[in-house]
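Listed below, chain by chain, are the residues.
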Amino acid sequence: MKIIKKVLDVTTTKDEQMIDITEMVRETLIGTSIKNGTLYLFVPHTTSAVTINENTDPNVKKDMLYSLKQSFPIEKEFLHFEGNSHAHIKSSVIGNDQTVFIEDNDLLLGRWQALYFCEFDGPRQRKLNLQFVGE
Ligand code: ZN
């Protein structure tokens, strides 16, 4: 069994954004030559996240970002000195990690699923840690 770690650079261009990273991750997987196993994705930031959702209708991610903004607005009462508590909360709600099975050197995603890097306090230069475990 092999364990291969990779770090991807993700450049975000908006204050809040969901970037489809599926192909970037798939190409990295192909480069590892791991046929079967598990991929762990981890975002080492406190105001961004990683999730899996629909990639067909671009309005899904717009609706998700809109709903998060409605659910976790910027509040005057927030105490955090950076003024970005809404982004910290969204990061925790969406989450810092995902797990995807690997089969035949491909990501075992559902037909309508894509991997998204979620920015909540951009634009910034971000990292995404990948760990491939398998053979
Ligand atoms: Zn902060």
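Treat the numbers as computed from the prediction; the structure is a model and nothing was measured.

Asker: Sorry if this is basic, but what is going on with the overall build of the protein chain here?
Answerer: Scanning the protein chain from terminus to terminus reveals three helices and eight strands. Beginning at the N terminus, the succession of helices and strands in the protein chain can be written as β-β-α-β-β-α-α-β-β-β-β. Relative to its length of 135 residues, the protein chain is compact, with a C-alpha radius of gyration of 16 Å against a globular reference of 14 Å. When the backbone C-alpha atoms are referred to their principal axes, the protein chain occupies close to 50 × 30 × 20 Å. In the protein chain, which comprises 135 residues, the share counted as buried stands at 44%.

Asker: What is the right way to read helix α1 (residues 22-32) from this model?
Answerer: Owing to its 3.6 residues per turn, the α-helix brings residues three or four apart onto one side. Along α1, the residues classified as buried are T22, V25, R26, T28, L29 and T32. On an axial view of α1, the arc spanned by its buried residues comes to 160°, and they lie on one face. In α1, the exposed residues that point more than 90 degrees away from the buried face are E27 and G31. S33 lies just past α1 and shows a positive phi near 60°.

Asker: For this particular structure, what's the right way to read the coordination of the zinc ion?
Answerer: In an ideal octahedron of six donors the angles at the metal are 90 or 180 degrees, and in an ideal tetrahedron of four donors they are 109.5 degrees. The protein atoms that coordinate the zinc ion are H80 (NE2), E82 (OE), N84 (OD1) and H88 (NE2), at distances of 1.8 to 2.2 Å. With four donor atoms in place around the zinc ion and angles of 90 to 144° between them, the coordination shape is irregular. Taken in chain order, the donor set of the zinc ion reads H-x1-E-x1-N-x3-H. With relative accessibility at 23%, the residue H88 sits in the partly exposed group.

Asker: For this particular structure, what's the right way to read the sheet that holds strand β2 (residues 17-20)?
Answerer: With antiparallel pairing, the three strands of this open sheet are ordered in space as β2-β7-β4. Only two strands of the sheet have a single partner each, and these edge strands are β2 and β4 (48-54). Strand-to-strand twist in this sheet, taken as the mean axis angle between neighbours without regard to direction, amounts to 35°. Against the sheet, helix α3 (residues 85-94) makes contact with β4 and β7 (113-119), and its axis sits at roughly 50° relative to β4, the strand it touches most.

Asker: Would you mind showing me how to read the sheet that holds strand β1 (residues 2-11) here?
Answerer: Picture the strands of a sheet paired through backbone hydrogen bonds; they go either parallel or antiparallel. Across the sheet, which stays open at both edges, the five strands sit in the order β1-β8-β3-β5-β6 with antiparallel pairing between neighbours. The sheet is open, and its two edges are formed by β1 and β6 (106-107), each paired on a single side. Note that strand β3 (residues 37-42) and strand β5 (residues 97-103) share six bridges and pair antiparallel. Considered in β5, the bridge of T38 is made with F101.

Asker: Hey, could you run me through unusual backbone geometry in this one?
Answerer: Of note, the amide linkage connecting G122 to P123 takes the cis form, showing an omega dihedral of -5°. With respect to the secondary-structure elements, P123 resides in the loop between β7 and β8 (125-134). Its identity as a non-glycine residue notwithstanding, D104 has a phi of 55°, on the positive side. Looking at the secondary structure, you find D104 in the loop between β5 and β6. Backbone geometry at N105 places phi at a positive 60°, although glycine is not the residue there.

Reading the values: rules and limits
Residues numbered from 1 in each chain as written. Predicted model: local features only at pLDDT ≥ 70, side-chain atom pairs only at ≥ 80, totals over all residues. Heavy atoms only, no water. Helix = DSSP H or I, 4+ residues; strand = E, 2+ residues; numbered from the N terminus. Rg over C-alpha atoms; globule rule 2.2 N^0.38 Å. Buried < 20%, exposed > 50% of the residue type's maximum accessible area, 1.4 Å probe, protein only. Arc of directions from axis to C-beta. Donors = N, O, S within 2.8 Å, 3.2 Å for Na, K, Ca; no water. Tetrahedral: all angles 85-135°; square planar, octahedral: opposite > 155°, others 65-115°. Pairing = 2+ DSSP bridges. Axes fitted to C-alpha atoms, helices over the stretch in contact; angles between N-to-C directions. Contact = heavy atoms within 4.5 Å.

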